[in-house]
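Here's the letter readout for the chains.
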Amino acid sequence: MPTYQAKLLQQAATRGRHKRTARDRTLSLTRLQWQVQAGFLALLMIIVLAGQAMAADVRPFFGRYQGSLVVPNPDGSTEQRDATVRIGPLASSDDGFYVQWTTTSLKKDGRRKTKSYNVEFQPTERADIFAAAMKRNVFGHTVQLDPMKGEPYVWGRIVGDTLTVFSMFIGPNGDYEMQQYDRTLAEGGLDLVYSSHRNGFPRKELKTFLERQ
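Residues numbered from 1 in each chain as written. Predicted model: local features only at pLDDT ≥ 70, side-chain atom pairs only at ≥ 80, totals over all residues. Heavy atoms only, no water.

1. A short note on the side chain of D182
So, point 1. As for its position among the elements, D182 is in strand 10 (residues 176-186).
So, point 2. The side chain of D182 sits in the buried core without any salt bridge; R157 is the nearest counter-charge, 5.3 Å away.
So, point 3. Side chain to side chain, D182 and T164 meet in a polar contact 2.6 Å long.
So, point 4. If we skip the residues at most four places from it in the chain, D182 touches T162, L163, T164, D191, L192 and V193. (Helix = DSSP H or I, 4+ residues; strand = E, 2+ residues; numbered from the N terminus. Buried < 20%, exposed > 50% of the residue type's maximum accessible area, 1.4 Å probe, protein only. Lys, Arg positive; Asp, Glu negative; His and termini not counted. Salt bridge = Lys/Arg side-chain N within 4 Å of Asp/Glu carboxyl O. Polar contact = N/O pair within 3.5 Å; in protein donor to acceptor, adjacent residues only side chain to side chain. Contact = heavy atoms within 4.5 Å.)

Right, dumping it as structure tokens:
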């Protein structure tokens, strides 16, 4: 009888060890899964923070700049234009900014012709790419213009020390024209490069230096 009881106790102890082993394995697996999930979340947070840290900062471009450039005419003559650029933050947005540029040309008859443009930009989900907000819809929100109505489609980007503004126009016959303004930070101001293409072919390129005022 004692031998029989000893066997029962031994079997019970064995079952207990098996249960504890299974329970320990389950707990170990749960801890491992939790550690993997925690590690993945930590890695994701590092990637997000690194992306934010690497995002371009538009603030170094803020300021007023002025200069002049020589524009060739189709007849072979040239025309001098004064150019002014203002870049600054939007009062209605923490992340948005505006770019305002004005050109004034002196005509042969003494008249002065001035053109001025002002575009507000808002950040997008794509890093360092900004959507232009050029008019307000019926809900009071600023939205893009419609290129299919002959209006320019405008966007901006920052790459390194260069802030670029792109404008795309679609003509009545379906031809398209791209205009590109590259404004690069330089000592004392901005290096401006303007280029235009029609249907993929280059039409014009102008370069000048705009002094910070």
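2. Description of the pairing of strand 9 (residues 162-170)
So, point 1. As defined by bridge partners, strand 8 (residues 153-159) adjoins strand 9 across seven bridges and the pair is classed as antiparallel. Its bridge partner being in strand 9, I158 is matched across the sheet by L163.
So, point 2. Connecting strand 8 to the next strand, strand 9, in antiparallel fashion are two residues, including G160 with a positive phi near 65°.
So, point 3. Examined bridge by bridge, strand 9 and strand 10 share nine bridges and lie antiparallel to one another. When the sheet's bridge partners are listed, I170 is paired in strand 10 with Y176.
So, point 4. Counted between consecutive antiparallel strands, the loop separating strand 9 from strand 10 contains five residues, among which G174 sits at a positive phi close to 95°. (Pairing = 2+ DSSP bridges.)

3. Comments concerning the pattern of salt bridges
So, point 1. On inspection of all chains with the given rule, the structure shows six salt bridges.
So, point 2. In this structure, E177 engages R198 in a salt bridge whose closest nitrogen and oxygen atoms are separated by 3.1 Å. With E177 in strand 10 and R198 in strand 11 (residues 189-198), this pair connects stretches of sequence that are 21 residues apart.
So, point 3. Residues K207 and E205 are paired through a salt bridge, measuring 3.9 Å at the closest nitrogen-oxygen approach. Each member of the pair, K207 together with E205, is exposed.

4. Quick look at the confidence of the model for the protein
So, point 1. Put simply, the protein has an average pLDDT of 80, and 69% of its residues get 70 or more.
So, point 2. Within the protein, strand 10 carries the highest mean pLDDT (97), whereas helix 1 (residues 2-54) carries the lowest (54).
So, point 3. In this model, residues 40-44 is a region of pLDDT below 50 whose contacts with residues beyond four sequence positions or in other chains number zero contacts.
So, point 4. Taken together, the stretch residues 46-54 has pLDDT below 50 and engages in zero contacts with residues farther than four places along the chain or on a different chain. (pLDDT = per-residue confidence, 0-100.)

5. Focus: the side chain of Q179
So, point 1. Topologically, Q179 is positioned in strand 10.
So, point 2. Given the relative accessible area of 16%, Q179 is considered buried.
So, point 3. If near-sequence neighbours (up to four positions away) are discounted, Q179 is found in contact with V165, F166, S167, F169, Y194, S195 and S196.

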